[in-house]
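Next come the chains, spelled out residue by residue.
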Amino acid sequence: MLSALLALGVLGILFGLLLGYAAVRYKVEGDPLVEKIDAILPQTQCGQCGYPGCRPYATAIANDEADINRCPPGGETVIVSLADLLGRDPKPLDEECGEEKPKMVAYIHEEICIGCTLCIQACPVDSILGAAKQMHTIIESECTGCELCVAPCPVDCIDMVPVRQSLDTWKWPAPPPPPYEQAADGSSNPQPAGAH
Amino acid sequence: MTEYALILISTVLVNNIVLVKFLGLCPFMGVSRKLETATGMAMATTFVLTLSAVFSYLVNEFLLIPLGLEYLQTISFILVIAVVVQFTEMVVHKTSPVLYQVLGIFLPLITTNCAVLGVALLNVQQQHGFLESAVYGFGAAMGFSLVLILFAAMRERIAVADVPEAFRGPAIALITAGLMSMAFMGFVGLVKG
């Protein structure tokens, strides 16, 4: 009995090691550029760029099918990082995609909610909790503030509110504004070349 | 040497794994609708069958028999087959993306091809040695490939033939397979002893 368990166990471990080694040795690399771009994007999955999520947008950027200035939630920070990564010139946010706003989370007025589940279906990150005919609520830590749930709500019970500052969410203030804006300001504040 | 040639011929023609032993009928019926996919499936199965026959022999000979654990043969062989298939998939994916695309879903599906497990168990039953096991596995794979490709070619023709309505689809395919099986019975007696 014991030897049987041992034999199968050893066999399993050996094969596991072999497969693990093979998985590393024969790893098929996806496009590394897509990974890097995807890491910069804010992962709100809001679709404001016109693509069905951050990863498709990253793929489109890598294939030169989309411009780098189509991400409103990321705003200038993301555009500058992308420009840095790809060696392109930063440009202002594309207005047809939306405008940059402070980070928001959705808030459901629970006394108005009728439990229709429409917002649950719209949420790209599954941050809405609820069931049919039951009041819904937002899991605040999961919400990316993409606003996709606001439009489907038939009773308009979802509001976007700025993220409340607490000890958990407080961060150091953002670094000084990106260089291209200062360049656009004029020559009054010249930026040393190759500052970044 | 003659011995190995005999094993090869006998597994390919006389004791054909599909038409005489009736193993691996699922891919035989399932993937034979188009010649192209049938060829891809045949290649992948050939590779996996030969490798898994060899590895099953090694596991049986050097692990199970010394420990007196022959009753674990089936489960160990399934483990071996699953690993070989998984490993093959990784290697093919890395080395030949084109082949990987052609084989597609058929590659992982080989895990559940009973011909693969059948060959491993038959090797034990017939007390084959290392080389014999390898040749037996390869022969069975060749037999499987031969029949699968022939059958796919036939089905492509049947698809455009004027078949009576009651026989259309799988019915005529099964009848064809039966006729093929009878035809392969003609090979009995090709190899004596």
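Residues numbered from 1 in each chain as written. Chains lettered and ligands numbered in written order. Predicted model: local features only at pLDDT ≥ 70, side-chain atom pairs only at ≥ 80, totals over all residues. Heavy atoms only, no water.

Caption draft 1: Representation of helix α2 (residues 32-40) of chain A. Residues and elements named next belong to chain A. Among the residues making up α2, those that are buried are Val34, Ile37 and Asp38. In an axial view of α2, the angular spread of the buried residues amounts to 100 degrees, which keeps them on one side of the axis. Close packing links the buried residues of α2 with α3 (54-62) and α4 (75-86). (Buried < 20%, exposed > 50% of the residue type's maximum accessible area, 1.4 Å probe, protein only. Helix = DSSP H or I, 4+ residues; strand = E, 2+ residues; numbered from the N terminus. Arc of directions from axis to C-beta. Contact = heavy atoms within 4.5 Å.)

Caption draft 2: Region of the structure containing the packing of aromatic side chains. A complete count under the given rule lists five aromatic pairs over all chains for this structure. Between Tyr26(A) and Phe87(B), the ring centres sit 6.1 Å apart and the planes meet at 85 degrees, which makes this aromatic pair edge-to-face. One end of the pair, Tyr26(A), is in the loop between α1 (2-25) and α2; the other, Phe87(B), is in helix α4 (residues 73-95), on a second chain. Take Tyr26(A): its relative accessible area is 22%, and that puts it in the partly exposed class. Seen from their ring centres, Phe184(B) and Phe187(B) are 5.3 Å apart, and the 65 degrees between their planes marks the pair as edge-to-face. Under the relative-accessibility criterion, Phe184(B) is labelled buried at 7%. In this structure, Arg25(A) is placed above the aromatic ring of Tyr26(A), and the distance from its NZ or CZ to the ring centre is 5.1 Å. (Phe/Tyr/Trp six-rings, centres within 6.5 Å; stacked < 30°, edge-to-face > 60°. Lys NZ or Arg CZ within 6 Å of the ring centre and 35° of its normal.)

Caption draft 3: Spotlight on the interface of chain A and chain B. Counting from both sides, the interface comprises 14 residues of chain A and, opposite them, 17 residues of chain B. Both faces considered, chain A and chain B share a buried interface measuring about 1500 Å² in area, 88% of it formed by carbon and sulfur atoms. When the area that chain A buries against chain B is broken down by residue, the three leading residues are Phe15(A), Leu19(A) and Tyr26(A), summing to 36%. At the junction of chain A and chain B, the tally comes to zero salt bridges. (Buried area = accessible area lost by both parts, 1.4 Å probe. Salt bridge = Lys/Arg side-chain N within 4 Å of Asp/Glu carboxyl O.)

Caption draft 4: The arrangement of the domain arrangement of chain A in detail. All names here are of chain A. For chain A, the assigned domains read domain 1 (32-98) and domain 2 (102-164). Centre-to-centre separation of domain 1 and domain 2, based on C-alpha positions: 25 Å. Contacts between domain 1 and domain 2 engage five residues on the former and five residues on the latter. Between domain 1 and domain 2 lies a buried interface of about 350 Å² when both sides are counted; carbon and sulfur atoms form 60% of it. Among the residues domain 1 hides against domain 2, the three largest losses belong to Thr44, Gln45 and Cys46. Together they make up 84% of the total. Taken together, the links from domain 1 to domain 2 amount to zero salt bridges. Taken together, the connections running from domain 1 to domain 2 amount to one residue pair in polar contact (both at pLDDT 80 or more). Split by residue class, the side of domain 1 that touches domain 2 holds one nonpolar, four polar and no charged. (Domains from an automatic or database assignment. Polar contact = N/O pair within 3.5 Å; in protein donor to acceptor, adjacent residues only side chain to side chain. Nonpolar A, V, L, I, M, F, W, Y, C, P; charged D, E, K, R; others polar.)

Caption draft 5: Examining unusual backbone geometry more closely. In this structure, Asp126(A) takes a positive phi of about 55 degrees despite not being glycine. In this structure, Asp126(A) sits in the loop between α5 (118-122) and β2 (128-129). Non-glycine residue Phe22(B) carries a positive phi angle of around 55 degrees. Tracing the backbone through its elements, the reader meets Phe22(B) in the loop between α1 (2-14) and α2 (25-30).

Caption draft 6: Seen up close, a nonpolar patch on the surface. Residue and element names in this part refer to chain B. A cluster of nonpolar side chains, contributed by Leu8, Ile9, Phe138, Met142 and Leu190, occupies part of the molecular surface with about 390 Å² of accessible area. Looking at the nonpolar patch, the elements with two or more residues in it are α1 and α8 (130-160). Tracing the backbone shows Met142 in helix α8. (Patch = residues over 30% accessible without salt bridge, like charges linked within 9 Å, V, L, I, M, F, W, Y side chains within 5 Å. Areas by Shrake-Rupley, 256 points an atom, 1.4 Å probe, with all protein chains shown as cover.)

Caption draft 7: The environment of Val163(B), seen in detail. By the element assignment, Val163(B) lies in the loop between α8 and α9 (170-185). If we skip the residues at most four places from it in the chain, Val163(B) touches Ile158(B), Arg168(B) and Ile172(B).

Caption draft 8: Focus on the packing of α8(B) against α9(B). Residues and elements named next belong to chain B. At a minimum axis separation of 11 Å, α8 and α9 run at an interaxial angle of 135 degrees. Regarding the angle of α8 to α9, the classification is oblique. Between α8 and α9 the crossing geometry is right-handed. Along its contact with α8, which presents Leu146, Val147, Leu150, Phe151, Met154, Arg155 and Ile158, the element α9 presents Ile172, Ala173, Thr176, Ala177, Met180 and Phe184. Partitioned by chemical class, the residues of the contact of α8 with α9 number 11 nonpolar, one polar and one charged. (Axes fitted to C-alpha atoms, helices over the stretch in contact; angles between N-to-C directions. Parallel < 35°, antiparallel > 145°, perpendicular 65-115°, else oblique. Left-handed = near helix turned anticlockwise from the far one by under 90°.)

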